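Letter by letter, the chains look like this.
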Amino acid sequence: MTENISVLGSTGSIGKQTLDVARMHNIRVWALSANRNTEVLERQIREFKPKLVCVVDEECAKKLKISVSDTETKIVSGTKGLQEAACVDEADTVVNAIVGIAGLVPTLTAIKAGKNIALANKETLVAGGKTVTDAVKKFGVKLYPVDSEHSAIFQCLRGCPKGALKKIILTASGGAFFGKTKEELKNVTAESALKHPNWNMGAKITVDSATMMNKGLEIIEASRLFDVPDEDIDVLIHRESIIHSMIQLKDNAVIAQLGCPDMRIPIQYALTFPERLESPVKELDLSEISKLTFYKPDYETFECIGICRSALRKGGLYPAVVNAANEAAVELFLKKKISFPEIAETVKKSFDEFKGGSLNPSPEEIIYTDAETRKHIFFDR
Ligand code: NDP
């Protein structure tokens, strides 16, 4: 198990829960980062006394430098500072809890510095793909999934002999708009999209759950992590979020991982692997829940899953394009500049219009493609 970590995106939902786990198990925290949230960072600096903290925004970094000038923490800024935070010597594991493509470069930097990665930032694997998994192999580091579904699969696979896996069954809560028709989705608001039935998460992933883009991104993530093709990854709606995912073996036996919906379980497992330690998470009482329900996804109403599958099959830069288009569209939706159905429409348009490009892209090509995709979307608005 790890005893020394850095937490990128420490002010967000996953970042704060990671620090809960670190506090409980006396894991030393060496570096932290955020985009702008200096208020939460200051509290975290006073409690965890990290060696280095990065605030990406330059002005916010200046402000934080003044407010924590009585501490020994070094404050850095910008994307360069983020890379510094990703490779602080003393940390052996970097928890990447940044939202969006901004997590890609720090992940690669940490891998090159020989750090193990506890990865919540699914956009890294979606857009980065083989670039990331090849780097993991080349630098001999470990990549532990934090996403609850992928952590579940990772745990289930420990009971699976080599070559025995038939398929992965990713469970999905269905998000805020499960059961709604295309017509009903035309007028839903950002406020209602942000009300997730089971999880309290950052805004972007909560909207991704409502469009079911999140499940599409997770299909790509699962394919990258476990080297399984798209056709062997099923999606099953499970409203209660008790079964976090399953695997089916060649003999049709199914292995599932269950627990109360609380991200501290997968976060802790990524940090303490292969150990199982005490946790403050509520015990699962199935007699109290009494009923678990399952449904097939409505692929016609929630088109993003299908677009992500197509992007995965095309490979190369396609997943980076759909990821960038989605990030831009969610931003516009949250700013009330586009409607809910226009998120999927934007992603589809970017996918359809993309001309291809390298099948084995470099990080520079991925970042360039990401920026170009966004530019077209923002230019159109
Ligand atoms: P939040 O929005 O709650 O937090 C995001 C973090 O990233 C914050 O610390 C934020 O800083 C920082 N950040 C935002 N933009 C940038 C940027 N451009 N550069 C550097 N840092 C930035 O997100 P979540 O914690 O919900 O999600 C984080 C990741 O984990 C996502 O990829 C998500 O898909 C994944 N995930 C989340 C789950 C959850 O339960 N929340 C479950 C499974 C996966 P600031 O506070 O200053 O804005």
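First, a word on what this report is: a plain description of the structure on this page. (Residues numbered from 1 in each chain as written. Predicted model: local features only at pLDDT ≥ 70, side-chain atom pairs only at ≥ 80, totals over all residues. Heavy atoms only, no water.)

What about the site of the ligand?
The immediate surroundings of the ligand are formed by 24 residues, with Thr11, Arg36, Asn37, Glu123 and Gly202 found nearest. One of the backbone nitrogen or oxygen atoms of Asn35 is found 3.0 Å away from an oxygen atom of the ligand. In the complex, 85% of the free accessible area of the ligand, which totals 900 Å², lies under the protein chains. Mapped by element, the contributors of at least two residues to the shell around the ligand are helix H1 (13-24) and helix H6 (122-138). Residues that form the shell around the ligand fall into these classes: eleven nonpolar, nine polar and four charged. (Near = heavy atom within 4 Å. Polar contact = N/O pair within 3.5 Å; in protein donor to acceptor, adjacent residues only side chain to side chain. Areas by Shrake-Rupley, 256 points an atom, 1.4 Å probe, with all protein chains shown as cover. Helix = DSSP H or I, 4+ residues; strand = E, 2+ residues; numbered from the N terminus. Nonpolar A, V, L, I, M, F, W, Y, C, P; charged D, E, K, R; others polar.)

A word on the environment of Leu258
Of note, Leu258 is situated in strand E11 (residues 254-258). Overall, the relative accessible area of 34% leaves Leu258 in the partly exposed class. Excluding residues within four positions of it along the chain, Leu258 makes contact with Ile242, Ile243, His244, Leu284 and Leu286. (Buried < 20%, exposed > 50% of the residue type's maximum accessible area, 1.4 Å probe, protein only. Contact = heavy atoms within 4.5 Å.)

Some points on the sheet that holds strand E8 (residues 165-172)
Through backbone hydrogen bonds, the strands of a sheet pair up, either in parallel or in antiparallel fashion. Across the sheet, which stays open at both edges, the four strands sit in the order E9-E8-E10-E11 with mixed pairing between neighbours. Each edge of the open sheet is held by one strand with a lone partner, namely strand E9 (233-237) and E11. For this sheet, the mean angle separating the axes of adjacent strands, direction not counted, is 20 degrees. When E8 meets E9, the two strands line up parallel, connected through five bridges. (Pairing = 2+ DSSP bridges. Axes fitted to C-alpha atoms, helices over the stretch in contact; angles between N-to-C directions.)

Let's talk about the environment of Gly15
You can see Gly15 is positioned in helix H1. What makes Gly15 buried here is its relative accessible area of 0%. As for Gly15 and Val330, which are separated by 315 residues in sequence, their C-alpha atoms are 21 Å apart. Apart from residues no more than four positions distant in its own chain, Gly15 is found in contact with Val7, Gly9, Ser10 and Ala97.

Quick word on the state of the cysteines
Across all of its chains, the model carries zero disulfides by this definition. Here Cys54 is not cross-linked by a disulfide; its sulfur's nearest cysteine counterpart is in Cys60, at 11 Å. For Cys54, a relative accessible area of 0% gives the class buried. We note that Cys304 lacks a disulfide partner, and the nearest cysteine sulfur, in Cys308, lies 6.5 Å from it. Using a relative accessible area of 0% as the deciding quantity, one classes Cys304 as buried. (Disulfide = S-S within 2.5 Å.)

What about unusual backbone geometry?
Residue Phe273 is joined to Pro274 through a cis peptide bond whose omega torsion reads 5 degrees. Turning to its location among the elements, Pro274 is positioned in the loop between helix H12 (264-272) and helix H13 (286-289). With a phi close to 70 degrees, Met212 is a non-glycine residue in the positive phi region. Unlike most non-glycine residues, Lys336 shows phi in positive territory, near 65 degrees. On the secondary structure map, Lys336 appears in the loop between helix H15 (318-334) and helix H16 (341-353).

Re the packing of helix H10 (residues 203-211) against H15
Relative orientation of the contacting elements H10 and H15 amounts to 100 degrees, with a least axis distance of 10 Å. Taken together, the axes of H10 and H15 are roughly perpendicular relative to one another. Across the interface between the two elements, Ala203, Lys204, Val207 and Asp208 from H10 touch Asn323, Asn326, Glu327, Val330, Phe333 and Leu334 from H15. For the contact of H10 with H15, the residue count by class is five nonpolar, two polar and three charged. (Parallel < 35°, antiparallel > 145°, perpendicular 65-115°, else oblique.)

Section: the packing of aromatic side chains
The full count for this structure, using the stated rule, is ten aromatic pairs. Ring centres of Phe177 and Phe340 lie 5.0 Å apart, and the angle between their planes is 85 degrees; on these two criteria the pair is classed as edge-to-face. One end of the pair, Phe177, is in the loop between E8 and helix H8 (182-185); the other, Phe340, is in the loop between H15 and H16, and 163 residues separate them in sequence. Assessed through its relative accessible area of 4%, Phe340 is described here as buried. What links up through ring pairs into an aromatic cluster is the set Tyr144, Phe154, Tyr269 and Phe273. The ring of Trp30 has Arg28 lying over it, and the distance from NZ or CZ to the ring centre is 4.1 Å. (Phe/Tyr/Trp six-rings, centres within 6.5 Å; stacked < 30°, edge-to-face > 60°. Lys NZ or Arg CZ within 6 Å of the ring centre and 35° of its normal.)

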